[in-house]
Amino acid sequence: MGSKIVRIIGIDPGLRRTGWGVVESDGVRLSYVASGLIKASTDTDLAYRLRELFEGIASVIASFKPQEAAVEETFVNDNARSTLKLGQARGMALLAPAMGGLVVAEYSPNLIKKTVTGTGHADKKQIEAMIGFLLPRARVESADEADALAIAICHANHRQARVRLALATAGGR
């Protein structure tokens, strides 16, 4: 019984550096496709940095043609100004795949960590180690890339439950 292969992009939003990672999943196996960083200029106004992020994500989507996207939810930190700016970057990370017609899911940082490492409070080194184990062909050069791949892996593991829930909800109407 052959399952359909789905291509997933994971996006780790950031105002200066947005990580992205693309994987394929058949429901059982994962395979690495590509990953990288989108770097926004730090010497331009916020609106233009957000445009760079949006265009960068849209370009990656056009190049690798994923069917689904997963984005990390924002955690609130002590600096409200930083949280608001991160939220704007996150908006671009949600908008770009939505504009491309992709299914877009969001996951909390703790769920992503728990899915990939087994613990919701894993550190960056643990995440990178598990990415190396789960996706041995991946050559990750930054924590942002590793996080993006972890987000894609989380979605690959949780998407079937989301599909079943959506079908059950639609069937109950």
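The residue count restarts for each chain, going from 1 along the sequence in the order it is written. For this predicted model, a pLDDT threshold of at least 70 governs which residues receive local features, and a threshold of 80 or more governs which side-chain atom pairs are given and counted, while totals over whole chains, interfaces and linings are taken from all residues. Only hydrogens and water are set aside; all other atoms, that is, all heavy atoms of the structure, feed into the side-chain values.

Asks: Please give an account of helix H3 (residues 109-117) that cites residues and values.
Replies: Burial classification: accessible surface area is computed with a 1.4 Å probe over protein chains only, and a residue below 20% of its type maximum counts as buried, one above 50% as exposed, and the rest as partly exposed. A run of H or I in DSSP counts as a helix once it spans at least four residues, and a run of E counts as a strand once it spans at least two, with each numbered from the N terminus. Taken together, the buried positions of H3 are occupied by Pro-109, Ile-112 and Val-116. Axial view of H3: buried residues confined to an arc of 65°, hence all on one face. Phi turns positive, to about 95°, at Gly-118, one or two residues after H3. What the arc describes is the spread of directions from the helix axis to the C-beta atoms.

Asks: With reference to specific residues and values, describe the nonpolar core.
Replies: Note on terminology: a nonpolar core comprises buried Ala, Val, Leu, Ile, Met, Phe, Trp, Tyr and Cys residues joined through side-chain atoms within 4.5 Å. Ile-131, Leu-135 and Leu-149 are the most contacted members of the largest nonpolar core, which has 22 residues in total. When residues of this core are assigned to their parent elements, the largest contribution, eight residues, is made by helix H5 (residues 143-171). Contacts are assigned to residue pairs that have any heavy atoms within 4.5 Å of one another. Apart from the residues within four sequence positions on either side, Ile-131 is in contact with Val-116, Pro-136, Ala-138, Val-140, Ala-146, Leu-149, Ala-150 and Ile-153. Counting 20 residues, the second largest nonpolar core, distinct from the first, contains Ile-11, Val-71, Met-92 and Leu-102.

Asks: Tell me what's going on with the sheet that holds strand S1 (residues 6-12), and back it up with residues and numbers.
Replies: Any two strands between which DSSP finds at least two bridges are classified as paired. Pairing in this open sheet of five strands is mixed, and the strands run S3-S2-S1-S4-S5 from one edge to the other. Each of the sheet's edge strands pairs with one partner strand only, and the pair in question is strand S3 (30-39) and strand S5 (103-107). Sheet twist, expressed as the average angle between the axes of neighbouring strands with direction ignored, equals 20°. Both strand S4 (residues 68-72) and S5 contribute to a ladder of five bridges, which runs parallel. Looking at S5, one finds that Glu-68 is bridged to Val-103. Helix axes are fitted only over the stretch in contact, all axes being lines through C-alpha atoms; the angle between N-to-C directions runs from 0 to 180 degrees.

Asks: Explain the side chain of Asp-26 to me, using residue names and the numbers behind them.
Replies: Among the secondary structure elements, Asp-26 is positioned in the loop between strand S2 (17-25) and S3. Judged by relative accessible area, Asp-26 falls into the buried class, the value being 14%. Of note is the side chain of Asp-26, whose polar atom sits 2.6 Å from the backbone nitrogen of Arg-29. Polar contacts here mean pairs of N or O atoms no more than 3.5 Å apart (in protein, one a potential hydrogen donor and the other a potential acceptor; neighbouring residues in sequence count only if both atoms are side-chain atoms).

Asks: Which residues make up the environment of Asp-144, and what are the values?
Replies: Residue position: Asp-144 is located in helix H5. Using a relative accessible area of 17% as the deciding quantity, one classes Asp-144 as buried. Between the C-alpha atom of Asp-144 and that of Gly-14, which follows or precedes it by 130 residues, the distance is 8.7 Å. Leaving out residues up to four positions away in the same chain, Asp-144 has contacts with Asp-12, Arg-17, Gly-19 and Leu-37.

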